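Geometric and topological summary
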Amino acid sequence: MLALGGKKSLELLSIVVPCFNEEATIPIFFKTVERIRGQIQADIEYCFVDDGSKDGTLAILRALRQKSDVVHYISFSRNFGKEAALYAGPRHARGDYVVFMDADLQDPPSLLPDMYKAVSEEGYDSAATRRVTRAGEPPIRSFFARLFYRLMNRISRTELVDGARDYRLMNRKFVNALLELAEYNRFSKGLFGWVGFRTKWFAFENVERVAGETKWSFWKLLLYAVDGIVAFSTVPLIVSTMFGILSCLASFVGILFVVIRKLIIGDPIQGWASTICIILLMGGIQLLCTGILGQYLAKTYLETKKRPVYIIDELKLRGGVDH
Ligand code: UDP
Ligand code: MG
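Keep in mind the model is a prediction, meaning the values are calculated, not measured.

All right, on to the coordination of the magnesium ion (ligand 2) then. Looking at the magnesium ion (ligand 2), the protein donor atoms are Asp104 (OD) and Gln106 (OE1), and they sit 1.9 Å from it. The exposure classification of Asp104 matches that of Gln106, with both residues buried.

Next comes the structure, spelled out in C-alpha cells:
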C-alpha cells in the first residue's frame, strides 16, 4: 500500500479471536499480544467474535473497545460454534492479513512476528502452526485425536496435519478463497488444506490454557470428528457398499450350501444358533450402513436449507461504522 507522500505505509493485520465464555482470558490475551505488537511491522486490529457467551465476555469486549480504538467485535445471537466464528471474523475484518488466535493463549503470540514475516516477506500465502506435543491433555483425548488424523489421511484426499491448530496467518488471497467456501458444515482444518497455496509450518510445544476451562467435551469433539469425516471423505459410503457386496456374496454361497445339503442329506433341524447369529450380524451391518448413509443425507439436508452460518446480534467495527 502506498501512502500519499510515496512513503510505504504499514499494512493491516487483523487478529480474529473466537470467544465463548472467555471473560477470564480476554484481558490476559489482549495484554500479552499488545506486548509483542512492536515486533510486527504492521498495523494491528483485533476482531473478537463473541460466540453467544453466557458470562461477562461481551461486557469485557465493550469495555476494551472503549479503551482502545483497535478493538472491534461481533456478537452472535447465540452459540453457533467456533467454526461459525472463524467464518464471521474474516468476513468483517478489513486486514491485508488475517490471523486466527484462540483467546486462551494456547496459540503462542510469540510466534506471530515470524509468521507475519513468512507471509509478508518470504512469499508464503499462509503461516500455519502445529503442536508437536500434547502434554497436559487427557491421554484418552490424545489417543482419539491421533486415531482421527491417521484415519482422515487414509480416507480423504485433503491433507490434514496431525496436531495442526486453527492458529494461522493468511494473506488476503488465501482468506478470500476460504470465504468463498460458504458451506454450512464447516471444518476449517480441512478447508485450509483444500484451498491450497503455499504454507509455511511452525511447530511448538503444547501450552496449557491461561485461565478458564476448555469448551470441548469429549462428545462435542467426537461429533466434530464425524463432521470432519463426512465433509472431506466419501470413503465410508464406499466401505458400506463393500460390506453390502461381501454379505450378498456370502449369503449366496450360504444358500447354495444349504440347498445342496438338503438335497443330499435331507434337513435335520440343526443350526438354529448359527442362523440367529447370522441374522444379527446382517441386521447390524445393515443398520451401520444405513447410519453412515444417514450422516451424509443429514449433512446434505442441512446444506440445502441454506441457513446462515451465524446470526449477528451486535456489531462494532472500526470508526463507529456498524453494519
Ligand atoms: N470457542 C468458540 N465457540 C465454541 C467453543 C469454543 O468460539 O463453541 C472458542 C473458545 O473461546 C476459544 C477457542 O474457541 O477461544 C478454542 O476453544 P477451547 O480453548 O475451549 O478448545 P481447546 O483448546 O480445549 O481445544
Ligand atoms: Mg484452548
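On we go.
Glancing now at the site of ligand 1. Around ligand 1, a shell composed of 18 residues is seen, among which Glu22, Asp104, Gln106, Thr214 and Lys215 lie nearest. For ligand 1, an oxygen atom lies 2.9 Å from a polar atom in the side chain of Arg209. In this structure, Thr214 approaches ligand 1 through a side-chain N or O atom, which is 2.6 Å from an oxygen atom. Look at ligand 1: alone it shows 530 Å² of surface, and the protein chains cover 94% of it. Tallied by class, the residues present in the shell around ligand 1 amount to five nonpolar, four polar and nine charged.

On the basis of which strands lie adjacent, the open sheet formed by eight strands has the order 7-5-6-4-1-2-3-8 and mixed pairing. Edge positions in the open sheet fall to strand 7 (199-204) and strand 8 (312-316), since each of these has one partner strand only. Neighbouring strand axes in the sheet, compared pairwise and without regard to direction, differ in orientation by 15° on average. Bridging between strand 5 (residues 126-131) and strand 7 involves six bridges; their strand directions are parallel. Within the sheet, the bridge partner assigned to Ser126 lies in strand 7 and is Thr199. Relative to strand 6 (residues 164-171), helix 6 (residues 172-180) is tilted by about 120°, and along the sheet it contacts strand 4 (97-100), strand 5, strand 6 and strand 7. In the packing of helix 7 (residues 188-195) onto the sheet, the strands contacted are strand 4 and strand 6, and the crossing angle to strand 6 comes to about 45°.

Basis of the calculations
Residues numbered from 1 in each chain as written. Chains lettered and ligands numbered in written order. Predicted model: local features only at pLDDT ≥ 70, side-chain atom pairs only at ≥ 80, totals over all residues. Heavy atoms only, no water. Donors = N, O, S within 2.8 Å, 3.2 Å for Na, K, Ca; no water. Buried < 20%, exposed > 50% of the residue type's maximum accessible area, 1.4 Å probe, protein only. Near = heavy atom within 4 Å. Polar contact = N/O pair within 3.5 Å; in protein donor to acceptor, adjacent residues only side chain to side chain. Areas by Shrake-Rupley, 256 points an atom, 1.4 Å probe, with all protein chains shown as cover. Nonpolar A, V, L, I, M, F, W, Y, C, P; charged D, E, K, R; others polar. Pairing = 2+ DSSP bridges. Helix = DSSP H or I, 4+ residues; strand = E, 2+ residues; numbered from the N terminus. Axes fitted to C-alpha atoms, helices over the stretch in contact; angles between N-to-C directions. Contact = heavy atoms within 4.5 Å.

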